[in-house]
Amino acid sequence: MKYLFLIYEDEAAMATKSEQEMGAIFGAYGALEGELGPTGKRLGGEALQPTATATSVRVRNGEASITDGPFAETKEQLGGFYLIECENLDEAIQWAQKIPGSHDGTVEIRPVLDLSNLT
Amino acid sequence: MYLAGLTDTARTVERVFREEHGRVLASLIRVLGDFDLAEDSLSDALSRALELWPAQGVPERPAAWITTTARNRAIDRLRHDRMRRDKAGALRRLTELRTDAAAEPSAVGEFPDERLRLVFTCCHPALDRASQVALTLRTLGGLTTPEIARAFLVNETTMAQRIVRVKRKIRDAAIPYAVPDPERLASRTAAVLEVVYLVFNEGYAATAGDALVRRELCEEAIRLARLLVQLLPGDTEVEGLLALMLLHDARRDARTDADGQLLTLENQDRALWNRERITEGVAILDHALARGSAGPYQIQAAVSALHNQATEAAETDWSQIAGLYGALLRLRPSPVVALNRAVAVAMADGPERGLALLETLAADPRLQAYQPFYAARADLLRRAGRPTDAAPDYRRALALTQNATERAYLAGRLASCTTPLAEQHAGRVVAGRVESVHVGPSHEFSKCEVPEIELVAGRGVAGDAHCGETVKHRSRVARDPTQPNLRQVHLLHAELFDELAAKGFTIADGQIGENITTRGLQLLALPTGAELHIGATAVVRVTGLRNPCAQLDALQHGLMAAVLDRTPAGELVRKSGVMGVVVTAGTVSAGDAIRVEQPAGPHRPLERV
């Protein structure tokens, strides 16, 4: 089963981190990649640019409205994601605990809807 | 005869299904990997049993019959269901089971107990607590959705939707149907125990609802705990919880009076306690305690056991209970446990020791609206010979109590700690003190309690809407705004609140608009012109009685009448405190002493101002 891991973190707090602290975070992600890679379960994953770069688009009655900023203003913002193949939710929860973002932010696990089984 | 036979069989069918429900359902879910299909097939099997058993007789091994029938029905359902995603796998497993003679359930004990997996799935941390409870009761308890809805006072549709939603999440998020790894077993077991204890407490804490349904919930929780003891023999906290529930439940019949009101431990008839349950609970607890360090459930069970083993309240071993609460506090720090410990210490070593412990708790925001805190502190203050300090706590506790028995108890205690108002009219003025101070920056009726207020000479309370040299009360302003302000400070005796509380009004200090709440001072009997020296410097000259206004009734119906009396001669007596003007400025705060200086000349009783 595929699960999407949405990593939410406080952008403002991230921006104030020192070079050393950022180095530690990158190191932690490197360690996760090192563990995840060989399993062949990593189907995808990226870090995102801050929400200051976000653009939201809504089309209503054929009319497109394009606005600056993310879909919702929240205390923690979407900062990255993984797509991982897991046996079940327990395995997914274990991977989530290993994502560094879950230690100072929140990781939301979403099972991917399998469209191939729908008739 | 035939009819009697039919009824008997129907009863047998019901009994067998109730007893075997959890086990058969768990095994079906395991094979089918699908809650709904398992439940539907089991309910098909129930219909078949009701059809066949009356005519053919109850099968020799009813549980095995139910399992086989349900599996066959599952095969039929799978074959007819084109929409199902994983039907091939489930069908294959079922067919294998059918052809594999060894797997055929020949007797109940011979197929593996899958209920433990089911427990962990139902209580998975990815599910919300209310859903965990509902699903556990539904699958392992075999309670119907309407029964669960009734027990938790939610409507049936809401409960049905909750169960549909949780089963869908288990399926779609792929919550595994498995016993957790050893490293996670303890924490996952703790979550299961929380669910079971929540079921028990829902039935035990007589909040609301049908007494019979509540009793069944307790029985169900105990039954689930017995099952868990059997399935998880390595975890002593499981036994701790079972013992705790048995020991609590032993007091069930003694917990309420004839009117259904709760009775505290010391007021219960101990002859009504269920000795059999106590013996069993204590034995289970001892078995757990002998095998390692005690966890929170075992400690709570030990407290309960000490209460249960005392033949009368006075014989309770409070010092041991205080020690147990101390141990519990180290494992699970919480203000409520700390409160229980303070009460036990007070029972063992005297009220002063308990009060010292409560002092450190008084500022905890979690206890600000916690009735047992005020009730406990009031009792300790009273026992320590400080009735004047106990009265405000009894009043606060009373305001937070709905239970009629407890209200009657608290009102009685409050009355014993307060000077009756009748004496106040006749009595003589001596001295008193400030219980609390309040300020109301707008013309709203109620004022807010503050640590201190500033009295300004000739004007009143700094920051209060009624502060000024000329009249401020809006009704008076409308008549003549140039009149001098004789109502700068409103003082009210707390004894009025005590009297009102006993009559069922729950009024907090400041709520009916006074600036200074006094205690021990017979305000209404003061002569006009008396000067109150409050705190270090402030002096207030009393100008007259407050005239109760109709806004009182808006606060609580009937309050206006309650603060008015008539003398035997039919004259109106106003009891809602006095008004005064500030002669000398100063700061006033709770606890300040009040000294009264009588005016020169003849005594002029206070009149309405």
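Note that this is a predicted model, so its numbers are computed, not measured. (Residues numbered from 1 in each chain as written. Chains lettered and ligands numbered in written order. Predicted model: local features only at pLDDT ≥ 70, side-chain atom pairs only at ≥ 80, totals over all residues. Heavy atoms only, no water.)

**Quick look at the side chain of Glu-435 of chain B**
Residue and element names in this part refer to chain B.
Piece 1. Relative to the elements of secondary structure, Glu-435 occurs in strand 1 (residues 431-439).
Piece 2. Glu-435 sits in the buried class, given a relative accessible area of 14%.
Piece 3. If we skip the residues at most four places from it in the chain, Glu-435 touches Pro-392, Arg-395, Ala-494, Asp-509, Thr-517, Thr-518, Arg-519 and Ala-590. (Helix = DSSP H or I, 4+ residues; strand = E, 2+ residues; numbered from the N terminus. Buried < 20%, exposed > 50% of the residue type's maximum accessible area, 1.4 Å probe, protein only. Contact = heavy atoms within 4.5 Å.)

**Regarding the domain arrangement of chain B**
Piece 1. For chain B, the domain assignment lists domain 1 (2-102), domain 2 (112-205) and domain 3 (426-597).
Piece 2. The gap between the C-alpha centroids of domain 2 of chain B and domain 3 of chain B is 56 Å. (Domains from an automatic or database assignment.)

**Side note on the sheet that holds strand 1 (residues 2-9) of chain A**
All names here are of chain A.
Piece 1. As summarised here, the arrangement of the four strands in space is 2-5-1-6, forming an open sheet in which the pairing is antiparallel. Looking at which strands have only one partner, the edges of the open sheet turn out to be strand 2 (42-47) and strand 6 (106-111). Averaged over all neighbouring strand pairs, the angle between strand axes comes to 20°, with direction disregarded.
Piece 2. Bridge count between strand 2 and strand 5 (residues 77-85): five bridges; the pairing is antiparallel. What sits directly across from Ala-47, in strand 5, is Gly-80.
Piece 3. In the packing of helix 2 (residues 19-36) onto the sheet, the strands contacted are strand 1, strand 2 and strand 5, and the crossing angle to strand 5 comes to about 15°. (Pairing = 2+ DSSP bridges. Axes fitted to C-alpha atoms, helices over the stretch in contact; angles between N-to-C directions.)

**Points about the interface of chain B and chain A**
Piece 1. Each partner contributes to the interface: chain B provides 12 residues, whereas chain A provides 10 residues.
Piece 2. When chain B packs against chain A, close to 910 Å² is buried across both sides, 55% of that on carbon and sulfur atoms.
Piece 3. Viewed at the interface, chain A and chain B are joined by one salt bridge.
Piece 4. Here Asp-90 of chain A ties to Arg-188 of chain B by a salt bridge, and the two come within 3.8 Å at their closest N and O atoms.
Piece 5. The interface formed by chain B and chain A contains four residue pairs in polar contact (both at pLDDT 80 or more). (Buried area = accessible area lost by both parts, 1.4 Å probe. Salt bridge = Lys/Arg side-chain N within 4 Å of Asp/Glu carboxyl O. Polar contact = N/O pair within 3.5 Å; in protein donor to acceptor, adjacent residues only side chain to side chain.)

**Structural notes on the sheet that holds strand 12 (residues 586-589) of chain B**
Across a sheet, paired strands are connected by hydrogen bonds in the backbone, their directions being either parallel or antiparallel.
All names here are of chain B.
Piece 1. Across the sheet, three strands lie side by side as 4-3-12; this open sheet has antiparallel pairing. Strands at the two margins of the open sheet, each flanked by one partner only, are strand 4 (460-461) and strand 12.
Piece 2. Pairing between strand 3 (residues 452-456) and strand 12: four bridges, direction antiparallel. Looking at the pairing, Ile-453 lines up with Val-588 of strand 12.

**Structural notes on the nonpolar core**
Piece 1. Judged by nonpolar contacts, the single largest core of 117 residues is most densely connected at Phe-5 and Tyr-82 of chain A together with Met-245 of chain B.
Piece 2. Counting residues in each nonpolar core, the second largest holds 26 residues, with Val-489, Ile-534, Leu-545 and Ile-594 of chain B among its members. (Core = buried A, V, L, I, M, F, W, Y, C linked by side-chain atoms within 4.5 Å.)

**As for helix 22 (residues 494-502) of chain B**
Residue and element names in this part refer to chain B.
Piece 1. For helix 22, the buried fraction is high: eight of the nine residues fall into the buried class.
Piece 2. Taken together, the buried positions of helix 22 are occupied by Ala-494, Glu-495, Leu-496, Phe-497, Asp-498, Glu-499, Leu-500 and Ala-501.
Piece 3. Gly-504 sits one or two positions beyond helix 22 and adopts a positive phi of about 100°.

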